[in-house]
Structure formats: C-alpha cells, structure tokens
Amino acid sequence: MITIDTVLVKLASRCNLDCTYCYVYHMGDDAWRSQPGKMSASVVDATAGRLQKLYAEQKHSFSVVFHGGEPLLIGEKRFENVCRTLRTALPASCGLHLQTNGLLLSDTVIGICADHDVGISISLDGPATVHDKNRSDRVGMPSHNRVMSGIRRLQEHPAGASLFAGVLAVVELDSDPAEVYAFLKSTGAPSVDFLYRDGNHDVLPIGKASPVSTEYGDWMGRLLKVYLSDSTPIRIRVLDDMLKLLMGGQARKEGVGLSAYGILVIDTDGSVNKNDTLKSAFAAGDRFEKRWSVLTDDLNQIVSSAEFEAYHESQRPSCVTCLACSDLNICGGGMPTHRWSRENGFGNTSVFCADQRRLISLMRDHLVRYDLVA
Amino acid sequence: MDNNPSHETSYPTEVESDVKLDNVTLARLLEEVRNGETVQPNAYNRQHNRHNR
C-alpha cells in the first residue's frame with residue numbers, strides 16, 4: 001500500500017491575508033467559496049479517528065500539517081481542541097505542525113502548541129520591502145510588522161526555540177538573495193525553505209520570460225553562493241535536499257529527487273482531496289472523481305483505491321525529455337502542478353526545468369571544488 | 001522509482017578522510033549523507049516540521 005507521510009488538515013478555508021501569488025485564491029480555483037469557513041468539531045473528531053486507523057494499518061508515522069487559508073482563523077478555543085484531539089489519537093512519532101502567516105500567533109496559541117508539541121512554521125518572504133510587495137491583508141495593509149510581532153512572541157516563549165521549525169519564503173525575483181537570506185537568518189529561524197511562484201506552461205510563473213529562461217535558477221544560484229559562504233548558516237531546505245542528492249544522498253522535499261511522497265488533504269468539510277497545489281493547474285485540479293470524506297470513508301480504503309494510486313503515480317515524471325535527462329534524479333521532474341499544460345496535461349517537463357538545470361549546474365560547480373559529486 | 005533506496009553511496013577517498021571540510025554547510029550535508037538520514041534537530045523531514053511541500 002502507498003505510504004502516507006503528510007496529511008494537510010485545512011482548519012480554515014479563508015485567509016486574513018490576500019497574497020498576490022496565492023494558489024488557493026488567485027489561480028482560478030474557487031472551491032474555497034463553497035467550503036465551510038472553519039472545520040467543525042465533528043469533522044475534527046472524524047479526522048482524528050480516520051488518522052488513528054490509518055496509522056494503525058500503515059504502521060508508518062506521518063506528519064499532520066494544520067493549513068488553510070489561515071489555519072488560526074479557526075479560533076484559539078477550537079484550535080486547542082484540534083491539537084488535543086489529534087495528539088490524543090496519534091502517537092508522538094506523528095508530528096503535528098502549524099503552517100501560519102503569523103498574524104494570529106498569540107501567546108495563547110503558542111502555549112497551545114507548547115502543550116501539544118505542535119511545530120510552527122511561519123510564512124515570511126524577507127524584509128518588509130520584499131514581504132509587503134505581495135503579502136497584504138484583505139484591506140491592502142502591509143503585514144510584515146504583524147508577522148514579526150508574532151515571531152518575537154514565539155521567540156520569547158520558553159518553548160519557542162523548540163517550537164519554531166522555520167520560515168517559508170516565496171521567491172521574489174526583484175529582491176537581493178543575500179539581503180533576503182540575512183534577514184530571514186536574523187529572525188532566529190533554524191531553517192528556511194524557498195518556494196517558486198506557482199505557474200505552468202500555459203500561465204508562466206511571474207518573472208519568467210519563457211519556459212527556457214532561467215530567472216529563478218539564477219536567483220537561487222546567487223542564494224546558493226551566499227549560503228555556502230556563510231560560516232554560521234541556517235538551513236535552506238531546498239538547497240540542502242538538492243545538494244545531498246548530488247552527493248549521493250536522499251531528499252525529503254516534494255518536487256525534488258525521485259523518492260515517493262504520499263500526501264492527503266482533508267478540507268474543512270471533511271472531504272479528502274489531492275495535493276492542493278494542483279489547484280494552480282486548473283480549477284478543481286485537486287479533486288478526485290470520487291467524493292470521499294472522513295465522515296463516510298476509511299482512509300486506508302481511499303489510499304488503496306485505483307484512483308488514489310493513479311494520483312500517486314502521477315508524481316513520477318512521464319515526458320520523454322525528463323526520462324532521458326541526466327539531472328532527473330536531482331530535480332525529480334519538479335512538482336506535478338508545474339508540469340501542466342492544456343495540450344499535454346501533466347506530460348511535460350516542469351516549467352522550471354531550465355531554472356533547475358541551471359541551479360544544478362551551479363551546485364555541481366561548487367561541489368566539484370571539494371570533489372563531492374557522487 | 002525506489003521508495004526506500006538502499007543503494008551504496010561512494011565518496012571520494014580524500015573527502016572521507018578529510019572530516020574537516022572547510023565549508024560548514026557542505027560538511028554538515030556530507031555527514032547527513034553518510035548517516036543516511038538527517039540527524040540534526042530542527043531539520044525538516046516528512047514526519048516532523050513539515051509545511052505543505
């Protein structure tokens with residue numbers, strides 16, 4: 001049976017920010033409009049029961065990520081119930097994790113996370129000039145100051161250092177990677193991960209002139225140089241994973257390398273869906289044909305179904321260019337959503353293929369100096 | 001696709017013996033590759049400290 005390693009639980013379908021690049025609200029999928037704003041207690045209970053059974057049968061730990069929209073819009077009282085219910089249902093080996101924009105990261109929320117061992121990752125794109133370019137609230141006000149207040153509260157909490165998993169940044173091509181890295185490091189985050197702007201072959205990511213241009217690869221190459229020059233570095237997850245693959249190791253990040261990953265998404269109404277990033281390919285791209293729900297369906301049966309297996313199989317690149325590429329074991333063909341075109345479906349290279357090959361080439365240049373290329 | 005790769009990884013002999021690689025990040029990553037898994041606390045993996053990708 002396919003092993004599930006990540007379960008995204010959508011605690012809220014709405015957000016208190018209105019980020020320009022958001023794949024949930026600004027890339028053509030409007031499913032959030034028909035979702036309940038918040039996950040109800042009955043759906044939380046059903047989710048916990050289904051996940052408990054999933055763990056019992058697959059006997060492999062997975063991570064539960066509280067996600068949205070903005071998950072903390074569920075409210076402090078309900079959030080405490082979610083954490084307590086899932087922590088009770090699942091063994092300690094299953095990580096609970098909160099991905100938040102940080103605006104509602106109150107002392108109460110941090111205390112709840114400490115009580116139930118919930119790791120916290122915060123979305124932050126860099127200094128205010130970079131972050132506020134795209135991450136305004138719903139009335140157009142900048143959010144950077146409020147995010148930083150949340151980070152300070154987290155750092156001041158006695159358990160803050162152990163709870164703070166890192167920051168998640170979306171690449172802003174107009175920014176200076178050295179400035180972004182230095183700022184994110186200054187927050188005290190132990191780790192940072194960078195995401196590219198979502199896009200595909202029909203709708204190019206912001207800043208890419210064409211599928212063969214390398215704007216993102218060039219930006220990441222500059223970041224790589226800064227990273228490898230730092231004598232006291234924090235971790236950059238995507239670069240670490242790619243470098244380790246080049247050194248003969250393994251990666252854990254979706255869209256990098258060829259290790260299989262298993263992701264389930266549970267929406268606020270309890271429906272079970274595919275990786276939500278597929279929304280950015282086309283409307284309802286994250287929907288199974290069968291309308292599964294934790295209220296009515298067993299997760300093991302869902303994961304064992306032919307439709308789920310086909311979805312899982314789709315993470316493997318299928319286009320001939322990828323299959324013949326010497327860098328395939330490093331880039332893994334990228335995220336499925338970035339391979340999309342109306343003409344070929346997901347049977348393309350990633351729209352970031354040229355960027356990733358550029359970055360891999362730069363990585364090899366660095367590793368060769370130390371004779372570290374496997 | 002191999003879900004649980006168990007292939008042997010070879011490293012250049014001179015690097016194996018040179019544990020004082022002068023690049024902090026590459027030295028850490030080499031150590032992790034040798035150990036077959038991330039061992040550092042606060043490191044991302046797919047069971048802990050995950051975001052959505």
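Small disclaimer: the values here were computed from a predicted structure and weren't measured. (Residues numbered from 1 in each chain as written. Chains lettered and ligands numbered in written order. Predicted model: local features only at pLDDT ≥ 70, side-chain atom pairs only at ≥ 80, totals over all residues. Heavy atoms only, no water.)

Trainee: Would you mind going over the overall build of chain A in detail, with residue names and values included?
Mentor: Helices and strands together make up the secondary structure of chain A, namely 14 helices and nine strands. In summary, chain A has a C-alpha radius of gyration of 20 Å against a globular reference of 21 Å for 374 residues, a match within 12%. With the principal axes as the frame, chain A shows a C-alpha extent of 55 × 50 × 40 Å. A burial count over chain A gives 63% of its 374 residues as buried. (Helix = DSSP H or I, 4+ residues; strand = E, 2+ residues; numbered from the N terminus. Rg over C-alpha atoms; globule rule 2.2 N^0.38 Å. Buried < 20%, exposed > 50% of the residue type's maximum accessible area, 1.4 Å probe, protein only.)

Trainee: How would you sum up unusual backbone geometry? Please name residues and give values.
Mentor: All names here are of chain A. With omega at 20°, the peptide bond leading from G68 into G69 counts as cis. Position of G69 relative to the elements: it lies in the loop between strand 2 (63–67) and helix 2 (76–89). One non-glycine residue, D117, lies in the positive phi region at around 55°. Of the residues examined, D117 reaches a relative accessible area of 48% and is grouped as partly exposed. With a phi angle near 65°, A284 is a residue other than glycine that sits in the positive phi range. Mapped onto the fold, A284 is located in the loop between strand 9 (272–273) and helix 10 (299–303).

Trainee: Report on the confidence of the model for chain B, specifying residues and quantitative values.
Mentor: Considering every residue of chain B, the mean pLDDT works out to 59; 30% of them sit at 70 or more. Across residues 1–19 of chain B the pLDDT falls below 50, and counting only partners more than four positions away or on other chains, this stretch makes 25 contacts in the model. (pLDDT = per-residue confidence, 0-100. Contact = heavy atoms within 4.5 Å.)

Trainee: Got a sec to walk through the sheet that holds strand 5 (residues 164–170) of chain A? Specific residues and values, please.
Mentor: If you walk across this open sheet you meet the nine strands as 7-6-5-4-3-2-1-8-9 (chain A), and the pairing is mixed. In this open sheet, the two edge strands, each paired with only one partner strand, are strand 7 (235–236) and strand 9 of chain A. (Pairing = 2+ DSSP bridges.)

Trainee: I'd love a proper account of helix 3 (residues 107–116) of chain A, names of residues and values included.
Mentor: Residues and elements named next belong to chain A. Taken residue by residue, helix 3 has V109, I110, G111, I112, C113 and H116 as its buried positions. Where helix 3 is buried, its residues touch helix 2, strand 3 (96–100), strand 4 (118–123), helix 5 (144–156) and helix 6 (160–163). Of the residues flanking the end of helix 3, it is D117, one or two places downstream, whose phi is positive at about 55°.

Trainee: Lay out the nonpolar core with the relevant residues and their values.
Mentor: All names here are of chain A. Ranked by internal contacts, the top residues of the largest apolar core, which has 118 residues, are F66, F79, L98, F194, M220 and L239. Tallying contributions element by element places helix 8 (residues 215–229) first for this core, with seven residues. Discounting residues that sit within four places of it in the chain, F194 has contacts with A169, V171, V180, L184, W219, M220, L223, I236, V238 and K253. (Core = buried A, V, L, I, M, F, W, Y, C linked by side-chain atoms within 4.5 Å.)

Trainee: Residue-level account of the side chain of A:T337, with values.
Mentor: Topologically, A:T337 is positioned in the loop between helix 13 (328–331) and helix 14 (353–369). Those residues in contact with A:T337 that lie beyond four places of it in its chain are A:D198, A:G199, A:N200, A:T277, A:L278, A:S280, A:A281 and A:F346.

Trainee: Pulling in residues and values, what's your account of the packing of helix 1 (residues 41–58) of chain A against helix 2 of chain A?
Mentor: In a packed pair of helices, the relevant descriptors are the angle between the two axes and the axis-to-axis distance. Residues and elements named next belong to chain A. Contact geometry of helix 1 with helix 2 gives a least axis separation of 9 Å together with a crossing angle of 20°. Classed by the angle they form, the pair helix 1 and helix 2 counts as roughly parallel. In the packing of helix 1 onto helix 2, the handedness of the crossing is right-handed. Counting all contacts with helix 1, which are made through A41, V44, D45, A48, L51 and Q52, the residues of helix 2 involved are N81, V82, T85, L86 and A89. Considering only residue class, the contact of helix 1 with helix 2 consists of seven nonpolar, three polar and one charged. (Axes fitted to C-alpha atoms, helices over the stretch in contact; angles between N-to-C directions. Parallel < 35°, antiparallel > 145°, perpendicular 65-115°, else oblique. Left-handed = near helix turned anticlockwise from the far one by under 90°. Nonpolar A, V, L, I, M, F, W, Y, C, P; charged D, E, K, R; others polar.)

Trainee: Let's hear about the packing of helix 8 of chain A against helix 14 of chain A: which residues, and what values?
Mentor: Residue and element names in this part refer to chain A. It is the contact of helix 8 with helix 14, at a shortest axis distance of 7 Å, that shows an interaxial angle of 25°. By the angle between their axes, helix 8 is roughly parallel relative to helix 14. For the element pair helix 8 and helix 14, the recorded crossing hand is right-handed. Contacts from E215, Y216, G217, D218, M220, G221, L224, K225 and L228 of helix 8 reach helix 14 at D355, R358, L359, L362, M363 and H366. Grouping the constituent residues of the contact of helix 8 with helix 14 by class yields seven nonpolar, three polar and five charged.

Trainee: If you had to explain the packing of aromatic side chains to someone new, which residues and values would you point to?
Mentor: All names here are of chain A. Under the defined criterion, the tally for this structure stands at 15 aromatic pairs over all chains. Centroid distance F282 to W340: 4.4 Å. Interplanar angle 35°. Geometry classified as tilted. A residue pair is termed long-range when its members are at least 10 positions apart, and F282 in the loop between strand 9 and helix 10 and W340 in the loop between helix 13 and helix 14 qualify at 58 residues. Look at F282 and F346: their rings are 6.4 Å apart centre to centre, the planes differ by 45°, and that puts the pair in the tilted class. Here F282, found in the loop between strand 9 and helix 10, pairs with F346, found in the loop between helix 13 and helix 14; they are 64 residues apart in sequence, far enough to count as distant. Site record: aromatic cluster; members linked through ring pairs are F288, W292, F308 and Y311. (Phe/Tyr/Trp six-rings, centres within 6.5 Å; stacked < 30°, edge-to-face > 60°.)

Trainee: Summarise the pattern of salt bridges; cite the residues concerned and give the values.
Mentor: Residue and element names in this part refer to chain A. Per the counting criterion, the structure on display carries 28 salt bridges over all chains. For D298, the salt bridge is made with K53, and the minimal N-O distance between the two is 2.5 Å. With a gap of 245 residues between them, D298 in the loop between strand 9 and helix 10 and K53 in helix 1 connect regions that are remote in the sequence. Of the charged contacts in the structure, one is a salt bridge between D327 and R357, with a shortest N-O distance of 3.0 Å. Here the residue D327 occupies a position in the loop between helix 12 (320–323) and helix 13, and R357 occupies one in helix 14, the gap between them amounting to 30 residues. On the basis of relative accessible area, D327 is assigned to the buried category, the value being 4%. Among the charged side chains, a salt-bridge network with shared partners connects D29, D267, K279, D286 and R287. (Salt bridge = Lys/Arg side-chain N within 4 Å of Asp/Glu carboxyl O.)

Trainee: Which residues make up the environment of A:L245, and what values go with them?
Mentor: Residues and elements named next belong to chain A. Mapped onto the fold, L245 is located in helix 9 (residues 237–246). Remark: the alpha-carbon pair of L245 and Q52, spanning 193 residues in sequence, is separated by 33 Å. Non-local contacts of L245, meaning those with residues more than four positions away in its chain, are made with Q250, A251, V256, G257, N329 and I330.

Trainee: Report on helix 2 of chain A, specifying residues and quantitative values.
Mentor: All names here are of chain A. In this model, helix 2 (14 residues) spans 20 Å end to end at C-alpha, consistent with the 20 Å of a helix rising 1.5 Å per residue. Within the span of helix 2, buried status applies to F79, V82, C83, T85, L86, R87 and A89. In this fold, the buried residues of helix 2 make contact with helix 1, strand 2, strand 3, helix 3 and strand 4. (Expected span 1.5 Å × (residues − 1).)

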